[in-house]
Amino acid sequence: MSYNEPEAKIFACSQSVYLAEKIAKEYGVPLGKVTFSKYSDGEFQPSFEESIRGLRVFLVCSTFPSSDNLMELLLMIDAAKRASARHITAVIPYFGWARQDRKDKPRVPIGAKLVAKLLEAAGATRIMTMDLHADQIQGFFEKPVDHLFASTIFLPYVKSLALENLTIASPDMGGSKRAYAYSKFLQSDVVICYKQRKQANVIDTMELIGEVRGRHVILVDDMIDTGGTLAKAADVMIEKGALSVRAICTHAILSGTAYEKIENSKLEELIVTDSIPLKKESTKIKVVSCAPLFAEVMHMVQNNNSISGKFLM
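Numbers given for residues are sequential positions, taken from 1 along each chain in its written order. With pLDDT at 70 or above as the cut-off, local features in this predicted model cover only qualifying residues; side-chain atom pairs require 80 or more to be listed or tallied, and sums for whole chains, interfaces and linings still use all residues. With hydrogens and water set aside, each side-chain value is computed from the structure's full complement of heavy atoms.

A.B. asks: An account of the packing of aromatic side chains is needed here, citing residue identities and associated values.
C.D. replies: Pairing of aromatic side chains here covers Phe, Tyr and the six-membered ring of Trp, requires ring centres within 6.5 Å, and sorts the geometry by plane angle: under 30 degrees stacked, over 60 edge-to-face, intermediate tilted. Under the criterion given, the structure shown has three aromatic pairs. When the ring of Tyr27 is compared with that of Phe58, the centres are 6.2 Å apart and the planes differ by 55 degrees; the resulting orientation is tilted. Residue Tyr27 is located in helix H1 (residues 17-27), and its partner Phe58 is located in strand S4 (residues 56-60); the two are separated by 31 residues in the primary sequence. The pair formed by Tyr27 and Phe58 is uniform in burial state, with each residue classed as buried. Relative to Phe141, the ring of Phe95 has its centre 6.0 Å away and its plane inclined at 70 degrees; by these criteria the two rings are edge-to-face. Separated by 46 residues along the polypeptide, Phe95 in the loop between strand S5 (87-92) and helix H3 (111-122) and Phe141 in the loop between strand S6 (126-130) and strand S7 (145-148) bring together distant segments of the chain. Under the scheme used here, helices are H or I runs from DSSP no shorter than 4 residues and strands are E runs no shorter than 2 residues, and both carry numbers assigned from the N terminus. Relative accessible area decides the class of each residue, using a 1.4 Å probe on protein chains only: under 20% of the type maximum gives buried, over 50% gives exposed, and in between gives partly exposed.

A.B. asks: So what's going on with the sheet that holds S6? Which residues, and what values?
C.D. replies: When DSSP locates at least two bridges between a pair of strands, those strands are taken to pair. Read across the open sheet, the five strands follow the order S1-S4-S5-S6-S7; overall the sheet is parallel. With one partner strand each, in any of the chains shown, strand S1 (8-12) and S7 form the two edges of the open sheet. The mean inter-strand angle of the sheet, taken between neighbouring strand axes irrespective of direction, is 15 degrees. One ladder, built from five bridges, connects S4 with S5; its direction is parallel. To define axes, lines are fitted to C-alpha atoms, for helices over the stretch in contact only, and angles between the resulting N-to-C directions are given on a 0 to 180 degree scale.

A.B. asks: For the UniProt feature "domain: Ribose-phosphate pyrophosphokinase N-terminal" (unreviewed entry) in the chain, give the residues involved together with the corresponding values.
C.D. replies: Per the UniProt annotation, the sites labelled "domain: Ribose-phosphate pyrophosphokinase N-terminal" (unreviewed entry) are residues 9-123. Note that residues 9-123 is 33% helix and 22% strand, and that its end C-alpha atoms are spaced 17 Å apart. UniProt positions are given in the numbering used here, feature names are shortened, and annotations may be inferred rather than shown by experiment.

A.B. asks: Tell me what's going on with the environment of Ala122, and back it up with residues and numbers.
C.D. replies: By secondary structure assignment, the location of Ala122 is in helix H3. In this structure the C-alpha to C-alpha distance between Ala122 and Gln100, which are 22 residues apart in sequence, comes to 21 Å. With sequence-adjacent residues up to four places away left out, Ala122 is seen in contact with Leu74, Ile77, Asp78 and Lys81. By definition in these notes, contact holds between two residues if any of their heavy atoms fall within 4.5 Å.

Below you can see the structure in the form of structure tokens.
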């Protein structure tokens with residue numbers, strides 16, 4: 001091995017190249033070359049086009065639908081293992097299937113557990129991810145998990161807004177811990193939204209626990225899917241006398257009519273990361289890149305340094 005060759009290399013799945021290029025630039029190495037051969041029936045095969053023997057490889061791949069993204073990552077991990085990589089770190093900015101973290105009714109799978117086992121069976125020696133849907137998903141792994149918090153990149157932006165009478169809000173009861181963590185650093189009040197659903201992605205009723213009148217409100221959540229919850233929460237808060245409503249969501253899934261809901265809602269701004277690529281632009285959506293955070297933590301992992309300073313929540 002040449003003395004000038006880096007001790008770590010970064011590769012990306014096909015749908016995460018946009019983010020991996022930013023991470024590699026921040027890290028200070030070129031993005032590694034990998035090609036995907038595709039068969040007419042849809043089957044595909046990744047191939048590393050450079051030696052990774054004895055190196056640490058970081059494989060960047062958000063596992064948002066379709067399932068091809070997850071399958072790409074599994075095949076790349078297996079290929080790296082068979083190419084004698086020393087360490088294989090799966091960098092998964094958005095960990096898909098995480099909403100299936102428990103049996104909430106009979107005869108359903110625990111998808112997050114299954115994905116964890118698949119990653120380990122493929123040969124991943126470490127997992128790096130950000131804002132899991134549920135913290136306890138880390139317990140599904142027998143390998144080290146670096147669970148990063150997007151608060152480290154969101155909080156500086158929130159502080160730059162210099163909003164007076166600030167209130168942090170959670171769009172549901174499950175996100176109250178996240179809301180309280182943000183409020184602790186911002187020294188603000190907290191409001192919780194209590195919602196009842198008719199079915200998945202369909203809200204029946206929503207009530208507020210707390211006061212928003214005369215306040216600038218920021219909703220915080222780990223992801224935004226259809227946008228119905230945040231749009232409804234913003235409308236209710238404005239009706240209750242809030243001066244403005246913004247939302248911070250780490251993962252911009254934005255499926256279905258989510259863009260239209262956001263544009264037509266009372267939300268003043270939606271702040272997201274680039275863990276998932278936006279399908280289209282929107283005047284209300286601001287993207288804060290998570291690439292510097294991942295690059296810095298990857299450096300720390302490579303050099304065996306503590307990453308505890310990156311955990312603000």
